[in-house]
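As a plain string of letters, each chain reads:
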Amino acid sequence: MDLSQQEWSEKLEKDDNAVILDVRTDAEVAEGYIPEAKQIDIQNPPKFMEAVEKLDASKNYYVYCRSGGRSAQACAIMKSKGIENCYNLLGGFSEWDGDKTSSL
């Protein structure tokens, strides 16, 4: 499900079963990320698929990339693997105006 920046942050704030996933590359993450996000680089398909297989399907996943395209793809893959609650951040990190961590 695609959510606007406001919808994503409001839903995330109220969700005590949430996991934030950053599907960007290491170089992108080094420029900053949303606090508490776990990185799974979708541009490394073998590692991405291996990580998705290990995810807890009972959790709610809030997924983002730079602009929203790769995270939408990640959500589709995750749903195909049985993860029902997956929320894509429209506009991605480039439009994110919430809390950010400047680098790892």
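Here's a quick rundown of the structure. Just so you know, these numbers come straight off a predicted model, no measurement behind them.

Rules used throughout
- Residues numbered from 1 in each chain as written.
- Predicted model: local features only at pLDDT ≥ 70, side-chain atom pairs only at ≥ 80, totals over all residues.
- Heavy atoms only, no water.
- Pairing = 2+ DSSP bridges.
- Helix = DSSP H or I, 4+ residues; strand = E, 2+ residues; numbered from the N terminus.
- Contact = heavy atoms within 4.5 Å.
- Axes fitted to C-alpha atoms, helices over the stretch in contact; angles between N-to-C directions.
- Buried < 20%, exposed > 50% of the residue type's maximum accessible area, 1.4 Å probe, protein only.
- Arc of directions from axis to C-beta.

Some words on the sheet that holds strand 3 (residues 38-39)
And step 1. Judged by pairing direction, the sheet is parallel, and its five strands sit side by side in the order 1-5-4-2-3 without closing on themselves. If you trace the sheet from one side to the other, it starts and ends with strand 1 (2-3) and strand 3, each paired once.
And step 2. Its contacts with the sheet put helix 4 (residues 69-80) on strand 2 (18-22), strand 4 (60-64) and strand 5 (86-89), and the angle it makes with strand 5 is roughly 170°.

Points about helix 1 (residues 5-14)
Residues spaced three or four apart along an α-helix face the same direction, because each turn holds 3.6 residues.
And step 1. For helix 1, every residue scored as buried is listed here: Q5, W8 and L12. Down the axis of helix 1, the buried side of the element spans an arc of 70°, and every buried residue falls inside it. With respect to the buried face of helix 1, the exposed residues turned more than 90 degrees away are Q6, E13 and K14.
And step 2. On its buried face, helix 1 sits against strand 1, strand 2, strand 4 and strand 5.

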